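Reading the structure
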Amino acid sequence: MKYFRLIFITLLLTSCSVKDYLIQTKPNKENNIKSNSNKINKKLEISISCGKGSIDKFISEGWVVKNKYSEEKICSWKSVPANNKCDMNLDKGCKITKPDKIGVEVFYLLEKY
């Protein structure tokens, strides 16, 4: 029991000094806000899959493309029988779903000032 009290008092005393240290080393955020108040950036990420859609609306509103990357994506799926003896209407367990059309998904990172 004596050890528990000793550890508790030690933790209590050291936590106060850590709290005072954190208060003294806290950065002044007011200066950062004033210096950056003229520049307010808005960021947006848009994805266009399989050629459906465009970013023309955003470009006309003043958005600027900062980065663009693309990934391969499956646009549609189809069901096929697993073998020649399979009747997909009678036996649902022999149906295999596989990619039908493969396209591209393009990601645009847009920024507006």
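Refer to the structure printed above.
Attention in this report is confined to the structure presented alongside it.

Calculation criteria
- Residues numbered from 1 in each chain as written.
- Predicted model: local features only at pLDDT ≥ 70, side-chain atom pairs only at ≥ 80, totals over all residues.
- Heavy atoms only, no water.
- Helix = DSSP H or I, 4+ residues; strand = E, 2+ residues; numbered from the N terminus.
- Buried < 20%, exposed > 50% of the residue type's maximum accessible area, 1.4 Å probe, protein only.
- Contact = heavy atoms within 4.5 Å.
- Areas by Shrake-Rupley, 256 points an atom, 1.4 Å probe, with all protein chains shown as cover.
- Core = buried A, V, L, I, M, F, W, Y, C linked by side-chain atoms within 4.5 Å.
- Pairing = 2+ DSSP bridges.
- Disulfide = S-S within 2.5 Å.

Concerning the overall build of the chain
Broken down by element type, the chain carries three helices and three strands. Taken from N to C terminus, the helices and strands of the chain fall in the order α-α-β-α-β-β. Burial analysis of the chain (113 residues in total) assigns 12% to the buried set. Taking all contacts inside the chain whose residues are at least 6 apart in sequence as the whole, residues at least 24 apart take part in 68%. When the accessible surface of the chain is totalled, it reaches about 10,000 Å², and 56% of it is carbon and sulfur.

Regarding the nonpolar core
Counting residues in hydrophobic clusters, the biggest one holds seven residues: Ile 46, Ile 48, Ile 55, Trp 63, Val 106, Tyr 108 and Leu 110. Mapped by element, the contributors of at least two residues to this core are strand S1 (42–49) and strand S3 (95–112). Every residue in contact with Val 106, bar those within four places of it in the chain, is listed here: Ile 46, Ser 47, Ile 48, Lys 68, Tyr 69 and Ser 70.

Description of the pairing of S3
Pairing geometry for S1 and S3, over eight bridges, is antiparallel. In the strand pairing of S3, Glu 45 is matched with Leu 109. The pairing of strand S2 (residues 64–81) with S3 spans 16 bridges and is classified as antiparallel. Among the inter-strand pairings, Asn 67 is bridged to a residue of S3, identified as Leu 109.

Structural notes on the state of the cysteines
Under the defined criterion, the tally for this structure stands at two disulfides. In this model Cys 50 forms its disulfide with Cys 75; the gap between the sulfur atoms is 1.8 Å. On the sign convention where negative is left-handed, the bridge of Cys 50 and Cys 75, at about -105° about the S-S bond, is left-handed. Remark: Cys 75 occurs in strand S2 and Cys 50 occurs in the loop between S1 and helix H3 (56–60); sequence separation between them is 25 residues. Look at Cys 75 and you get partly exposed, because its relative accessible area is 34%.

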